[in-house]
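# A structural walkthrough
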Amino acid sequence: MTRTPNPDRTGPTAGPDWVDHHLLAGPDGDPCLRFDRPVDRAALRSLVAEQQALLTGAGLRPGGTAALLLPPSLGYVATLLAVWRAGGQAVLLDHRLTATEVDRALERLRPQVLCAADGARPLPDGRPAATRHVLVQLSSGSTGPSKVIARTADDLLRELDCYARLEDFPKAGGRTVLLSSTVHVLGLVGGLLHALHAGVELVVPGRATPAAVLAAVAAGDAPTTLIGVPFHAELLAAHPLPAPLPQLRRMIVAGELVRPALPEAFRRRFGVPLGTMYGMTETGVIATDLSGLGHPRLAPVHGLELQVADGELHIRRPESPYLGVTDPTRWSDGLLHTRDAALIDPATGAVTLLGRRDSQVSIGGLKIDLTEVEQTLAGLPGVTEAVVVFADGAVEAYAAAEPAPDAPPGSAAEQLRELLGTELAGWKLPRRIHLLPQLPRTATGKLLRDPAALRRQADATR
C-alpha cells in the first residue's frame, strides 16, 4: 500500500452565517457575476434577500429541503444562496432532465419546496432534512444509475480552502469564464463558489460555442481562466484564433482523462497551458496539474489523505458521502473507494491515474485494459474522441473521426482497426469499431459509457 503523507486537515468551519461571511462578503461595487448582465456584490446580496423571502413564503424553514430546477442564471445563484442562508438543504437537479426524470428524482429525494422557472412552490409529502448536509447532488450516471451524494457546509469550505491554496487557480481581481454546469461539482464549487469566496468575477457565456467563449474571454482585461471539460478544450483547440488573447492565462479541465495530444494542441493554439484536475462529486477536487507540465502526474490538494491498495485509489473520509444505505464497495472503514486505478509516488505523493479500476477485463484468460485501448485509439490520426466498453463478452469501440471523402462504406472503421493493430497486441483489439459523427455525452459533458446507449446511437446513425 502507498499513501500520501498524513495531511494537516485544519480549515475553516461553517457557522450559521457562513453564506454571508464566506460567499456574499465584499465591497458593494465589486463585480462578481456576469450572465446576461454584470452584477456587483450589493446587487447580489439584494437578490439573495428577495429570494429568501419568497422561499420563506413557500414554506421553507431552517432544516427544510428545497429542490432547484433552474438553468444556469443569476436567478439560480440567488436561489441557491437563499436556500443556504435560510438554513435549508439544497437539492440540485439539472434543468435538462426530462419530466419523467424530474418526477423520479423528486419521488426519490422528497424535497419540501420546488424552485423552478415559474417560481417556488411547496410539494406534497416533502420531508425536512434528516442530516446536517447543505448540498445534495446526483452523480452524472455516465456508467450507471445516479448516486445521491451529500456534502456539509464544512466540507464545501474545506474544498474552497484547497482552491485558495492553488497558486495557479484564479485569484482576487481575476476572471473565470465558466463552461461547466453550476449544477455539478466542478462548475459549482471550482467555478461559482470559489469565485464568490475569492473575489473573482465569474462569467458564464450564453452559449458554449468556441466563438462565444472566445468573445467572453476578450470582453475583459483582467487575467482570465477558462474552466470546462476536455470536450470544450477539444472544440477550442480546433477553432481558428480570431485575435490574440493576452488576458487568457490558462484553461483547466476535469471530468475524464484527456486525449494524449490535446494539451500540446491547446498550447500551440493559445500559447497557454491546459491544466487538468481530478475530482469526484463525493469530495470535490482531489489532485491537480494546473501548469500542464506534469501530465499525467497530479499533485494532491491540501488536507486529503490518499492511498492506493490493490491498485485502487482510496480517500480518507470521516463519514459516508452517500445518503441512504451505502454500498461498502464505495465507502467503508473511513475510506472512499474511487474505483479509479492509480499510482502514488512514495517520494513526492504525486498521483498518476490509470483509468477506471473496472476497465480491466479478461477474455480467454488474457487481461485487457479498456483505458489503454481507448487512449491509444483516441491518439490515432483523425480520431477526436473514443470510448471503449466491454459488453456481451467482447470489447467494442466507438470513435468520432472524419472518414476520407472517397472511402467505401465501412472501410474507414476497418482502416482504423488495422492502424490500431500496429499499436496494440492483437488480443487487445476491439471486436468492432463503430464510427459516429460525435459520441453521446452526459449532461456534465462526460462521454457516455453505457454499452446499450452507445449501441442504440450507433444503430441510429447507420
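Data block above holds the structure.
Figured I'd write up the structure that's included with this text. (Residues numbered from 1 in each chain as written. Predicted model: local features only at pLDDT ≥ 70, side-chain atom pairs only at ≥ 80, totals over all residues. Heavy atoms only, no water.)

## A short note on the pairing of strand E21 (residues 351-356)
- Relative to E21, strand E16 (residues 297-300) runs antiparallel, the two being bridged by two bridges. The residue bridging leucine 298 from the neighbouring strand is valine 351, located in E21.
- Sheet analysis places strand E20 (residues 335-344) next to E21, joined by five bridges and oriented antiparallel. By the bridge assignment for E21, alanine 342 is matched with leucine 353.
- Counted between consecutive antiparallel strands, the loop separating E20 from E21 contains six residues, among which glycine 349 sits at a positive phi close to 80°. (Pairing = 2+ DSSP bridges. Helix = DSSP H or I, 4+ residues; strand = E, 2+ residues; numbered from the N terminus.)

## Description of the environment of glutamate 319
- Within the secondary structure layout, glutamate 319 lies in the loop between strand E18 (312-316) and strand E19 (331-332).
- Sequence-distant contacts of glutamate 319, defined by excluding residues within four places in its chain, comprise Arg132, His133, Thr152 and Trp331. (Contact = heavy atoms within 4.5 Å.)

## Thoughts on the sheet that holds strand E5 (residues 89-92)
- Strand order across the open sheet formed by six strands is E7-E6-E4-E5-E8-E9, with mixed pairing between neighbours. Each edge of the open sheet is held by one strand with a lone partner, namely strand E7 (119-122) and strand E9 (148-151). Across this sheet, the average inter-strand angle for adjacent strands is 20°, counted without regard to direction.
- Lying on the sheet, helix H3 (residues 74-85) is in contact with strand E4 (65-68), E5, strand E6 (113-116) and strand E8 (135-138); it crosses E5 at an angle near 145°.
- Most of the contacts of helix H4 (residues 99-109) go to E8, to which it runs at about 135°, and overall it touches E4, E5, E6, E8 and E9. (Axes fitted to C-alpha atoms, helices over the stretch in contact; angles between N-to-C directions.)

## As for the side chain of threonine 338
- With respect to the helices and strands, threonine 338 occurs in strand E20.
- Under the relative-accessibility criterion, threonine 338 is labelled buried at 2%.
- Looking at threonine 338, its side chain comes within polar contact range of the main-chain oxygen of leucine 313, at 2.7 Å.
- For threonine 338, the side chain forms a polar contact with the main-chain nitrogen of aspartate 340, separated by 3.0 Å. (Buried < 20%, exposed > 50% of the residue type's maximum accessible area, 1.4 Å probe, protein only. Polar contact = N/O pair within 3.5 Å; in protein donor to acceptor, adjacent residues only side chain to side chain.)

## Overview of the nonpolar core
- One finds Leu33, Leu44, Tyr76, Leu81, Trp84 and Leu192 to be the most contacted residues of the largest nonpolar core, which totals 78 residues.
- For this core, the element with the highest residue contribution is H3, accounting for nine residues.
- If sequence neighbours within four positions are ignored, tyrosine 76 has contacts with Leu68, Leu70, Pro71, Leu92, Thr182, Val183, Leu188 and Leu192.
- Ranked by size, the runner-up nonpolar core spans 22 residues in total, among them Val177, Val217, Phe266 and Phe270. (Core = buried A, V, L, I, M, F, W, Y, C linked by side-chain atoms within 4.5 Å.)

## With respect to the sheet that holds strand E24 (residues 383-391)
- The mixed open sheet is built from three strands, whose spatial order is E24-E25-E26. Each end of this open sheet is capped by a strand with a single partner; those strands are E24 and strand E26 (432-436). Across the sheet, the mean angle separating the axes of adjacent strands is 20° when strand polarity is ignored.
- One ladder, built from eight bridges, connects E24 with strand E25 (residues 394-401); its direction is antiparallel. Bridged to valine 383 within E25 is alanine 401.

## Describing the pattern of salt bridges
- Using the criterion set out here, one finds 22 salt bridges in the structure.
- With a closest N to O distance of 2.9 Å, glutamate 159 and arginine 151 form a salt bridge.
- Between arginine 250 and aspartate 168 there is a salt bridge, with the nearest N and O atoms lying 3.8 Å from each other. Note that arginine 250 is positioned in strand E13 (residues 248-253) and aspartate 168 in the loop between helix H5 (153-165) and strand E10 (175-178), a separation of 82 residues in sequence.
- In this structure arginine 250 comes out as buried when scored by relative accessible area, which is 12%.
- With relative accessibility at 29%, the residue aspartate 168 sits in the partly exposed group.
- Where salt bridges share partners, they join Arg151, Asp155, Arg158, Glu159 and Arg317 into one cluster. (Salt bridge = Lys/Arg side-chain N within 4 Å of Asp/Glu carboxyl O.)

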